[in-house]
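Take a look at the letters that make up each chain.
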Amino acid sequence: MLTVDEALALVLAQAVPLPARAVPLVDAHGCVLAEDVASDIDSPPHDKSIVDGYAIVADDLRQGEACLVILEEVVAGDVPNVPVERGSATRIMTGAPIPEGADAVVMVERTEHQVHDSSHLGRVVIRDRDVRAGRNVMRRGTSMRAGDVVLQRGTRLRSIEIGLLAEVGRSSVQVASQLTVAILPTGNELVEPADIPAPGQIRNSNGMLLTAAARAAGGEPILLPIARDAEEDLRQKIARGLESDVLILSGGVSAGVLDLVPRVLAELGVEQVFHKLNLKPGKPLWFGVARRGERSTLVFGLPGNPVSSFVCCELFVRPVIARLSGRNDGGRFQVRARLEVDYQQRGDRHTFLPAIYRVGDDGAARVAPVAWRGSADLRGLVAANALISLGAGEHLYEAGEIVDVHLLDEI
Ligand code: AMP
Ligand code: MG
């Protein structure tokens, strides 16, 4: 049977990044950059002081002590007028340009200001054995030079990148187009969250879960009304879902008598890429592509059990949304950690176990399965912040063994 990695490769092979669009910088947080961005300035634009103090010639402090004439005062935003020479100093504030001739700044805390007469700025006495050329000076262009590429295409914009884009003069940027993700829950037994389930019914939790997951992954979700397990209803609602870039169905892809989804998808011309893979939970996953001119719709049929749905969404839908958005980090977060307890792996499927990942006081990463009762136990999954990935095959994993961990951070 298809492995998880093989299936992911098949899925990603169908994902062509969407075209770019321009957005105002103020709206760009969370978007994926669709251009390389170069700086239009040197930063800092001048040699600047990184403390409040006195700009001096470092040689004046050779003996660890000096009394210097104060020439002028320069605050951030000013331009110094007088060159500093031996025996003199300029009072300078953080961020202000270093005057010509000065090569170091002494912090104000290490100085003593003396005023001799009111018309004059006075003198400063400095006692500091530790002053060398360059002290407390940030050289022009230390952070970046004009023309340097400071952000790469494919970067997801956090507040840090937004600040940097502002620093390099961008008020708008090219980002990946917003991609639409339709979510279609299927099942005769489903009622909406606001309803009280009658005998035999359950609430449609996947609709909301997948809507939130699609948004967290960077898509724009469109939640469709529940489709019943009847061909005509499925046909109509799937056709609506096929207007989006991605369609996620939940339910109806297993081997039950009312699992009609694969058949209806085929009738609507959606090409199956695979159905079923060696995964637990999530074995019945269906994936295919509907081609419509330039753009296609990537179609996922997720098994209905909420934990299976969630795991398939994490493993396949999230990376696809990342790829379609042009994101260059894959949108998945994998680490390794030590198992805290023994775990007996049974059966022959690659397993993703809900788990708690933590870094101990000793700095070592550890992971332990949470107590949960199978694919329908969404409540049990709440304790988890990670999935432990265990290869197929019988194996007793012992406490202390290092295992692969998939983090469930929604960033
Ligand atoms: P299915 O994949 O359609 O055979 O569904 C498998 C299990 O998941 C059944 O117990 C369904 O009741 C449940 N299920 C299906 N769809 C949903 C949903 N939208 N929300 C919560 N549970 C669901
Ligand atoms: Mg069903």
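Rules used in this analysis
Residues numbered from 1 in each chain as written. Chains lettered and ligands numbered in written order. Predicted model: local features only at pLDDT ≥ 70, side-chain atom pairs only at ≥ 80, totals over all residues. Heavy atoms only, no water. Core = buried A, V, L, I, M, F, W, Y, C linked by side-chain atoms within 4.5 Å. Buried < 20%, exposed > 50% of the residue type's maximum accessible area, 1.4 Å probe, protein only. Helix = DSSP H or I, 4+ residues; strand = E, 2+ residues; numbered from the N terminus. Contact = heavy atoms within 4.5 Å. Phe/Tyr/Trp six-rings, centres within 6.5 Å; stacked < 30°, edge-to-face > 60°. Near = heavy atom within 4 Å. Polar contact = N/O pair within 3.5 Å; in protein donor to acceptor, adjacent residues only side chain to side chain. Areas by Shrake-Rupley, 256 points an atom, 1.4 Å probe, with all protein chains shown as cover. Nonpolar A, V, L, I, M, F, W, Y, C, P; charged D, E, K, R; others polar. Salt bridge = Lys/Arg side-chain N within 4 Å of Asp/Glu carboxyl O. Pairing = 2+ DSSP bridges. Axes fitted to C-alpha atoms, helices over the stretch in contact; angles between N-to-C directions. Arc of directions from axis to C-beta.

S.K.: Please explain the nonpolar core as it appears in this structure.
M.R.: Looking at soluble globular proteins, one finds that nonpolar side chains tend to be buried together. Within the largest apolar cluster, 43 residues are counted, with the highest numbers of intra-cluster contacts made by Phe300 and Phe316. Of all the secondary structure elements, the ones that give two or more residues to this core are helix H1 (4-13), strand E13 (180-185), helix H3 (205-216), strand E17 (246-250), strand E20 (286-292), strand E21 (295-302) and helix H6 (306-324). With 11 residues, the top contributor of residues to this core is H6. The residues contacting Phe316, other than those within four sequence positions of it, are Val4, Ala7, Leu8, Val11, Leu277, Leu279, Leu285 and Phe300. Counting residues in each nonpolar core, the second largest holds 18 residues, with Ile238, Leu249, Val270 and Trp286 among its members.

S.K.: Would you take a moment to explain the packing of aromatic side chains for this structure?
M.R.: Within the structure shown, the criterion is met by two aromatic pairs. Ring geometry for Phe274 against Phe287: centres 5.8 Å apart, planes inclined by 40 degrees, an arrangement best described as tilted. With a gap of 13 residues between them, Phe274 in strand E18 (residues 271-275) and Phe287 in strand E20 connect regions that are remote in the sequence. One exposure class covers both Phe274 and Phe287, and it is buried. For the pair Phe287 and Phe300, a centre-to-centre distance of 4.9 Å together with 45 degrees between the ring planes defines the contact as tilted. Here Phe300 lies in strand E21 and Phe287 lies in strand E20, a separation of 13 residues in the sequence. Accessibility assignment for this pair places Phe287 and Phe300 in one class, buried. Aromatic rings pair up to connect Phe274, Phe287 and Phe300 into one cluster.

S.K.: What should I look at first to understand the site of ligand 1 in this one?
M.R.: Near ligand 1 there are 17 residues, and of these Glu189, Asn204, Gly252, Gly304 and Asn305 occur at the shortest range. Glu189 is positioned such that a nitrogen or oxygen atom in its side chain is 2.6 Å from an oxygen atom of ligand 1. Asn204 is positioned with one of its side-chain polar atoms (N or O) 2.9 Å from a nitrogen atom of ligand 1. Considering ligand 1 on its own, with 490 Å² of exposed area, one finds that the protein chains cover 78% of that surface. Where the shell around ligand 1 is concerned, the elements lending two or more residues are strand E15 (202-203) and H3. Its residues assigned to classes, the shell around ligand 1 comprises four nonpolar, 10 polar and three charged.

S.K.: What am I meant to see in the pattern of salt bridges here?
M.R.: Pairing between side chains of opposite charge can happen when the charged atoms of each approach one another. One pass over the full model with this rule turns up 25 salt bridges. One salt bridge in this structure joins Arg158 and Glu161, with 2.8 Å as the shortest N-O distance. Judged by relative accessible area, which is 46%, Arg158 ranks as partly exposed. Among the salt bridges present, the one from Glu231 reaches Arg263, with a minimum N-O distance of 2.6 Å. Within this pair, whereas Glu231 is found in helix H4 (residues 231-241), its partner Arg263 is found in helix H5 (residues 261-267), the two being separated by 32 residues in sequence. Given the relative accessible area of 25%, Glu231 is considered partly exposed. Assessed through its relative accessible area of 46%, Arg263 is described here as partly exposed.

S.K.: Honestly, the sheet that holds E17 in this entry has me stumped. Any pointers?
M.R.: Across a sheet, strands are paired by hydrogen bonds formed along the backbone, either parallel or antiparallel in direction. Taken in spatial order, the six strands make up an open sheet running E16-E13-E17-E21-E20-E18, and their pairing is mixed. Each edge of the open sheet is held by one strand with a lone partner, namely strand E16 (220-223) and E18. Within the sheet, the average angular offset between the axes of one strand and its neighbour, ignoring direction, is 20 degrees. In this structure, E17 lies alongside E21, joined through five bridges in parallel fashion. In the strand pairing of E21, Ile248 is matched with Phe300.

S.K.: Is there a simple way to explain H4 in this structure?
M.R.: Residues spaced three or four apart along an α-helix face the same direction, because each turn holds 3.6 residues. Among the residues of H4, those classed as buried are Asp233, Leu234, Lys237, Ile238 and Gly241. Each buried residue of H4 sits inside an arc of 120 degrees when the element is viewed along its axis, so together they form one side. Contacts made by the buried residues of H4 are with E13, E17, H5 and E21.

S.K.: Help me understand the environment of Arg110 in this model?
M.R.: Topologically, Arg110 is positioned in the loop between strand E7 (104-107) and strand E8 (111-114). Judged by its relative accessible area of 40%, Arg110 is partly exposed. Put simply, Arg110 and Val79 are 31 residues apart on the chain and 24 Å apart in space, counted from C-alpha to C-alpha. Apart from residues lying up to four places away in sequence, Arg110 is in contact with Val125, Ile126, Arg127 and Asp128. For Arg110, the side chain forms a polar contact with the side chain of Asp128, separated by 3.2 Å.

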